[in-house]
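# Geometric and topological summary
For reference, the chains in residue letters:
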Amino acid sequence: ERSPDVTLGHRTMSQLSEETLALMRTAMKRIRPVGAYDKAHNDECIYSFDTPFSPSGLYVNMRTFNGVGEAYLKVDAEKEGADPVLYLHLREKRVPKQPTDEAKIGASETAPTRMAIGGEGGFKVDEDKYDIVKEQAIFLMPNRISVPLPCADIPELISEAARALISKTSVLAEEKAAAIAWEAHVAESKYARDLVQLPAHKQISPDSSTWVCEVSGMRENLWLNLSDGHIGSGRRHYDGSGGANGALDHYKETKKHFPPHGFPLVVKLGTITPHGADVYSYAEDEDTEVIDPKLAEHLSHWGINMMKMEKTEKSMNEMNIEANEKLELDTITEAGSDLEPISGAGFIGMRNLGNSCYMNSVMQVFFTLPEFAQLRESAPSLFGSAGSEPADDVLVQMAKLANGLLGARYAVGGDGADPSDFGDAGSVRPRMLKQLLGKGHPEFSSARQQDALEYYQHVLQVLQRAECAASARFAPTVPPSRIFGFTQELRISVDGMCAYQAAEAQWLSLPIPLEQAANAAEVAAYEERAKRQKLGDKEAGKEEEPVVPLVSFEACLSKSAAAEPLEVFRGMRGATRTTRFKTFPRTLVVHMQRYYQDTDWSAKKLSVRVPVPETLDLSALRGSGPQEGEPPIPEEAAAAAPAPAPAPAPTEPEEAIVMQLMSMGFSENGSKRAAIAVNNSSAESAMEWVFAHLEDPDFNDPLPEPGAAPAAEDNSEQVAMLTAMGFSAEQAGAALKATGTNVERAADWLFSHMDDMEAAVASVLNKDQAPA
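Here's a quick rundown of the structure. (Residues numbered from 1 in each chain as written. Predicted model: local features only at pLDDT ≥ 70, side-chain atom pairs only at ≥ 80, totals over all residues. Heavy atoms only, no water.)

### Regarding helix H21 (residues 729-738)
As a reminder of what qualifies: Relative accessibility decides the category of a residue: with a 1.4 Å probe and only protein chains considered, values under 20% of the type maximum give buried, values over 50% give exposed, and everything between is partly exposed. Helical segments are the DSSP runs of H or I of at least four residues, strand segments are the runs of E of at least two, and each set is numbered from the N terminus.
All of the buried residues along H21 are Ala-732, Ala-734, Ala-735 and Leu-736. In the stretch just after H21, Gly-740 is the one whose phi turns positive, near 65°.

Rendered as structure tokens:
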């Protein structure tokens, strides 16, 4: 059998030489076939976004199983020492398939039928549109000798290791499988099996023309209450569409007469078929689409035979799918404009990896900032100094993304762009970074959609720790994670006295005062027309585009800066609090509070437009600190006269109060302390106590056992954890003292005092040594 050609640089050899075989035998002493529990990065470079589909392909180190692009072959090989290094060279190319007549006919059959990504009936992510042409070769460094596979002349161990690496599923492919498995889950309602049904005082006709909302008179989007037979319209949407809240308002009334849960289950008329129907639970602990295992029995109680019903309205699933397929982003794009696509350095996109838009939003904003662009300048040193697992190095992966987004390599027509990538040219897929930042986090490691603000906060925490641990490798003038931090000044005043508190922050959260909408009259008129259209009023005109409230950014700032009342502060009532800037950040992140809690404690989202000005003057919001002659508010312990002995404090916090505080973002332990501190009086009182004691060292600590005496703690383990981040034992000890030995808060305390570390440590230690 004739040996295949061997490529040496730009020179082709007809067969393997003894010298080449000798080099291979030397290199193969360090390789082995990849095992089932080994991590392999055989589908993406650990330093760039090169893949087997890139023009130069991907080179996979046969010892470490890490893939590298051609530009990083030398960097990777030098880490292996002076001996020759073996790589598996993978090259792949997509060739579009020609659509068959059967495929054209079946196109409608492949439309999504479930709210899912991937799988049968879900949105397609990797449709079978291409044939893949694959080439493999053994590549020897530093000699740059390439031997195409298969080759009978190379040693069997090398051939076996290559076959194992070719068939090995990569770590990133396993992550992708988890993302594809996402599906909108519908669970059984806990109220369904024991559902209370009142005596059947009426029978529901199978004729849909007789169905009507008992409150508004609407004849569409109608929901039947399975407990008492009431027919009401669906929820009213933010734009006035939907229903008139008939079914929801009726449920709230049933709670008053049949506490504590009322009659929560409703079924959408028009979706009932022999196979099921849309069932919704209004109960506060569910408030979602649910499954009723006894639906046929419950419908029969009201004279409805499921087996004879036909669908006359779109189901919730169909409406959700339609909304996802026809999603319009006109309000955040130049709708109607003739735009020219741009691709180049700084104009590289990020592909959706399965509900990863929250990550893409945060990262695209980060890398518009010069402090994050420093990661691209530091990339060569970070790559060269990376340990044995660059895929697990946060700074390496951030620098990789900086190169991808800020360089032109992956732009349309760029050196690294996949020439056969017909749909996603000019973009990168940060799979390694997503996996790394989500590692160990219950939410960000999942394939579920997440909140961008929460992810922003999480990324900064991870990045701060990485910067501190790698200070010898990465020492920018200003670390990227530090540019958003600032200190807020909280001024509390009551009865002519004042108290000042400081709170660290990384974003400014602004309320949106809808009552100050500039187009309030137009919004009200539109909502009235939309309501009349739903009721069938022909004089109301045709359906029109929603009119959304328009609130100025200045109104949001004014609302945030206004004094807010506090129910109680240090035992005094009638206090107010104002918030100002004690320090300003280099870059200010602004969060608009579009989500709010309704009177029934359910989360609602505002549909509102807030135009942001090009420049922002915040000088009026600068804090002034304590003023001369301003009397301070005394501490609670310094009461002038002894108060009557209070009633014994409760030993157990009220669960409802704790749950309400936790829903606002406070920790479980802090919420429990607040409930006990206000004698379980109310959630409002507990919330005010939280604001007044947020800086207490033990705020997030577990509650002590009743009657338990405080025990001396051994902090050696916590100190070791902090010193491993690069801090001294003295700094770690001071941070633990300042935060009640909570290691996570101690780490945050250290990172927030990087500029004044020496003074902050001395302040804590001197406080302990101060004379009584």
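Following the structure, the description resumes.
### Overview of the nonpolar core
Soluble globular proteins tend to pack their nonpolar side chains together in the buried interior. Our working rule: We call a set of buried Ala, Val, Leu, Ile, Met, Phe, Trp, Tyr and Cys residues a nonpolar core when their side-chain atoms join them within 4.5 Å. When checking whether two residues touch, look at their non-hydrogen atoms; a contact exists if any pair is within 4.5 Å.
One finds Met-62, Ile-138, Met-363, Phe-366, Phe-367, Phe-372 and Leu-375 to be the most contacted residues of the largest nonpolar core, which totals 85 residues. For this core, the element with the highest residue contribution is helix H12 (residues 394-406), accounting for 9 residues. Phe-372 has contacts with Phe-366, Phe-367, Met-398, Ala-402, Leu-463, Pro-480, Ile-483 and Phe-484, leaving out every residue within four places of it along the chain. Of all hydrophobic cores here, the second largest spans 23 residues; its members include Ile-231, Val-279, Leu-299 and Trp-302.

### Some points on the pairing of strand S11 (residues 265-268)
What counts here: Note: two strands are recorded as paired if DSSP finds a minimum of 2 bridges between them.
Across the two faces of S11 the burial is the same, with Leu-265 and Val-267 and Val-266 and Lys-268 all buried. Pairing of strand S9 (residues 222-225) with S11 involves 3 bridges; the strand directions are antiparallel. Paired with Asn-225 across the two strands is Val-266, which belongs to S11.

### Notes on the pattern of salt bridges
We apply this condition: Any carboxyl oxygen of Asp or Glu that lies within 4 Å of a side-chain nitrogen of Lys or Arg is treated as forming a salt bridge with it.
Throughout the structure, instances matching the rule amount to 25 salt bridges. One salt bridge in this structure joins Arg-193 and Glu-188, with 2.7 Å as the shortest N-O distance. The residue Lys-190 makes a salt bridge to Asp-285 at a minimum N-O spacing of 2.5 Å. Highlighted residues: Lys-190 in the loop between strand S8 (187-188) and S9 and Asp-285 in the loop between strand S12 (279-281) and strand S13 (288-291), separated in sequence by 95 residues. Bridged by salt links that share partners, the residues Asp-43, Glu-44, Lys-400 and Arg-431 form one connected network.

### Some remarks on the sheet that holds S8
This is how it is decided: Simply put, an axis is a line fit to the C-alpha atoms, just over the touching stretch for a helix, and the angle between two N-to-C directions goes from 0 to 180 degrees.
The strand order S8-S13-S12-S11-S9-S10 describes an open sheet built from 6 strands, whose pairing is mixed. The sheet terminates laterally at S8 and strand S10 (231-233), the two strands that pair on one side only. As defined by bridge partners, S8 adjoins S13 across 2 bridges and the pair is classed as parallel. Considered in S13, the bridge of Glu-188 is made with Ile-291. The strands touched by helix H6 (residues 246-257) are S9 and S10; relative to S10, the strand with the most contacts, the crossing angle is about 125°.

### Some remarks on the pairing of strand S5 (residues 85-96)
Bridge analysis of strand S3 (residues 58-61) against S5 gives 4 bridges, and the strand direction is antiparallel. Within S5, the residue paired with Val-60 across the bridge is Leu-88. Examined bridge by bridge, S5 and strand S6 (residues 130-141) share 12 bridges and lie antiparallel to one another. Within S6, the position partnered with Leu-86 by the bridge is Leu-140.

### Regarding the packing of aromatic side chains
Test applied: What counts as a ring pair is set by centres within 6.5 Å for rings of Phe, Tyr and Trp (its six-membered ring), and what kind of pair is set by the plane angle: stacked under 30 degrees, edge-to-face over 60, tilted for all other angles. Two limits define a charge over a ring: the Lys NZ or Arg CZ must be within 6 Å of the ring centre, and within 35 degrees of the ring normal.
All chains considered together, the criterion is met by 22 aromatic pairs. Between Tyr-47 and Phe-383 the ring centres are 4.9 Å apart and the planes differ by 40°, which places this aromatic pair in the tilted class. One end of the pair, Tyr-47, is in the loop between helix H1 (18-27) and S3; the other, Phe-383, is in helix H11 (residues 379-384), and 336 residues separate them in sequence. Above the plane of the ring of Phe-53 lies Arg-94, whose end atom (NZ or CZ) is 3.9 Å from the centre. Here Lys-400 stacks its cationic end above the ring of Phe-49, 4.9 Å away from the centre of that ring.

### Details of the sheet that holds strand S20 (residues 572-581)
Strand order across the open sheet formed by 4 strands is S17-S16-S20-S19, with antiparallel pairing between neighbours. Edge positions in the open sheet fall to strand S17 (497-505) and strand S19 (564-569), since each of these has one partner strand only. Pairs of neighbouring strands in the sheet enclose a mean axial angle of 35°, with direction left out of account. Judged from the 6 bridges that link them, strand S16 (residues 486-494) and S20 form a sheet pairing that is antiparallel. Among the inter-strand pairings, Ile-492 is bridged to a residue of S20, identified as Arg-577. The sheet strands contacting helix H19 (residues 683-693) are S17, S19 and S20, and the helix crosses S19 at an angle near 90°.

### Describing helix H13 (residues 431-438)
Of all 8 residues in H13, 7 are buried; the element is thus mostly enclosed. When H13 is considered as a whole, its buried residues turn out to be Arg-431, Met-432, Leu-433, Lys-434, Leu-436, Leu-437 and Gly-438. Of the residues trailing H13, Gly-440 is marked for its positive phi of about 80°.

### Points about the packing of helix H10 (residues 370-377) against H12
Relative orientation and spacing of two packed helices are given, respectively, by the angle between their axes and the distance between those axes. Quick note on the threshold: To sort the angles, those under 35 degrees are grouped as roughly parallel, those over 145 as roughly antiparallel, those from 65 to 115 as roughly perpendicular, and the leftovers as oblique. Residues are grouped as follows: nonpolar covers Ala, Val, Leu, Ile, Met, Phe, Trp, Tyr, Cys and Pro; charged covers Asp, Glu, Lys and Arg; every other residue, Gly included, is treated as polar.
Contact pair H10 / H12: the axes reach a minimum separation of 8 Å and the direction vectors enclose 100°. In terms of axis orientation, H10 runs roughly perpendicular to H12. Every residue of H12 that contacts H10 at Phe-372, Ala-373, Leu-375 and Arg-376 is listed here: Leu-395, Met-398, Ala-399, Ala-402, Asn-403 and Leu-406. Of the residues that constitute the contact of H10 with H12, the class distribution is 8 nonpolar, 1 polar and 1 charged.

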